[in-house]
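# Topology and contacts: notes
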Amino acid sequence: MASALYSQDLTCPICWTIFTDPVTLTCGHSFCRECITDVLSSQHRCPQCGTAVPTERLPTSHILKSLAEKAKEAEKVAELCLEHEEKLKLFCVTDQQLACIICRDGDTHEGHKFKPIKEAAASLRQELEKGMQNLCGDILFKQGLANTQRDEITKNKEKSQQLMTQIFRQFEEMHQFLRKREDEIKNELKHKEEDAAEKMRERLNAIETALSESRQLEGKLTSVLKIEDSARLLKSWTECNSRMSPEHVFRPKANDLQVVNTSLSLGPYESHLQFFIWKEMLQVIQPRAELLSLKSNSTDITVSDDGRSLFCTPESNQASLFYSSDDDYDTESYQNTGYGRSILTGPGKPQSFGASAQLGQNRAYDWHALRKSGKPKSFGATTRSGQNRAFDQGTFTGSGQTQASSSTKKHVFSVNEFSSGQHYWEIEVGHRDYWELGIKDNFLKYDGKKYATCRPDKTTELEFGDRPRKIGIYLNCASKKLSFYDADNMTRIHAMSSPLMSMPLSAYFNIRVRAPDPNPLTVCWY
């Protein structure tokens, strides 16, 4: 209808109805006098653009008033069907518009569902009232999201300031030539803060936009619900919302919005800045690596007196298998034990044999302890501590062939336990062909050919060119994140997170060897 072409320009943006006693502010925006008076009682600014409004009484805009009155008169005439000039008595539920009886029987509305105006208005009013209740809850939820997002922005800023202060304090201990590195780290933090703040500001703007839209809808509903006349209520609602049903309009959208919670962190530079810079510039600062002390519950692994180094018994020593029957010895089985030499007299009968222990001591084995029945007795080997160790020599088959023994893993943990904070330690792995380092159930493994990170539910193979001789391990208890570094050049190898880590945590080690072990695995103490 004709009035609809300009009625939107004559609608108050507060009550969403045609102007009543309109006034125009100095910024150019117009409102009903009563509507803007209520707003200005709490804030002296335009609700649309925020421009300050003078406190003196505002004059009536007579041009807008005249046009508004004409628009209202046009609406009264518009209560007749423009096409058939019949009174609008029906409401087309399908098209969400008023219709006359002739419209109902025409081709345009063929197959459509109709309701009497009063019945349709009552149904709509019920839906709008229900939607109004949901909208109030939706507004409160969005307001809570906005407040939470503001809190996160504040926390982000405070955390940034805390880290910045820490960086300044640590860099004060360094010489002037490290200022360049200091600036690089500070800039990294600043970029992270800005990136995090930008993401959170964007999300806050989205939340506030959604909140503003909901409030505008609330204002529209309030004005529509004030209309007592059923036809005007339906007309006002459909003009404002085209063909959208109340169910579509009031579909909750708060669940589509989530607060961005960006955890600002500098990784190792947050807690071990000086140590990591020391690794780059060795002559500069004092280190802060953990001084781990190790403990072993395995009889096959030995910890040095200072608690730093691990020695492992060769697997060939742990399962040397021989067969004896009618004084004939299985020379081939003997030679396959990995000792590297055999001392035989007569027709393949060994007199004695010496094997070099880990610290140069000899182990004597009594070959005649092997029974002719093929069932060997256990025999002792002198360990580096002087204690005797019994080895199960395995199971012999009736044909004199030995069964292969499986490789045995040796597990060692640190005496140190970690329940909070950030921790870093380094391990000298040298040229060992097998090791596992990290914490229990979360570790980096090398098997002589490839590297892999292991956890209970996943094993990830890694590819990188150099073979590290020292492995650095960084543990963040708060985020339950474990990072591995090539400690010679401080290049990060891999990082892994495990929410299932249970405190307290201890450093974890696993080694094995198939030959004498002259090079221990050693914790680096600086």
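As shown above, the structure is provided for reference.
What comes next is a walk through the structure. (Residues numbered from 1 in each chain as written. Predicted model: local features only at pLDDT ≥ 70, side-chain atom pairs only at ≥ 80, totals over all residues. Heavy atoms only, no water.)

## A short note on the pattern of salt bridges
Overall, the coordinates contain 12 salt bridges when judged by the stated rule. The salt bridge involving Glu152 is made with Lys155; its shortest N-O contact spans 3.9 Å. Of the two residues, Glu152 and Lys155 are both situated in helix α5 (residues 117-171); the distance of 3 residues between them amounts to about one turn of the helix. When its relative accessible area of 13% is taken as the criterion, Glu152 is described as buried. (Salt bridge = Lys/Arg side-chain N within 4 Å of Asp/Glu carboxyl O. Helix = DSSP H or I, 4+ residues; strand = E, 2+ residues; numbered from the N terminus. Buried < 20%, exposed > 50% of the residue type's maximum accessible area, 1.4 Å probe, protein only.)

## Considering the sheet that holds strand β5 (residues 114-116)
Pairing is antiparallel across the open sheet formed by 3 strands, whose spatial order is β4-β3-β5. With one partner strand each, in any of the chains shown, β4 (97-99) and β5 form the two edges of the open sheet. Each adjacent strand pair in this sheet contributes to an overall mean axis angle of 35°, direction not counted. Pairing of strand β3 (residues 90-92) with β5, which is carried by 3 bridges, proceeds in the antiparallel orientation. Residue pairing for β5: Cys92 is matched across the bridge by Phe114. (Pairing = 2+ DSSP bridges. Axes fitted to C-alpha atoms, helices over the stretch in contact; angles between N-to-C directions.)

## Digging into the sheet that holds strand β18 (residues 422-428)
One open sheet accounts for 7 strands, arranged β7-β8-β27-β18-β23-β24-β25; its pairing is antiparallel. Strand pairing shows two members of the sheet lacking a second neighbour, β7 (301-303) and β25 (491-497), which therefore form its edges. Between one strand and the next, the sheet's axes are offset by a mean angle of 20°, whatever the strand orientation. Here 3 bridges tie β7 to strand β8 (residues 309-312), and the two strands are oriented antiparallel to one another. Residue pairing across strands places Thr302 opposite Phe311, the latter belonging to β8.

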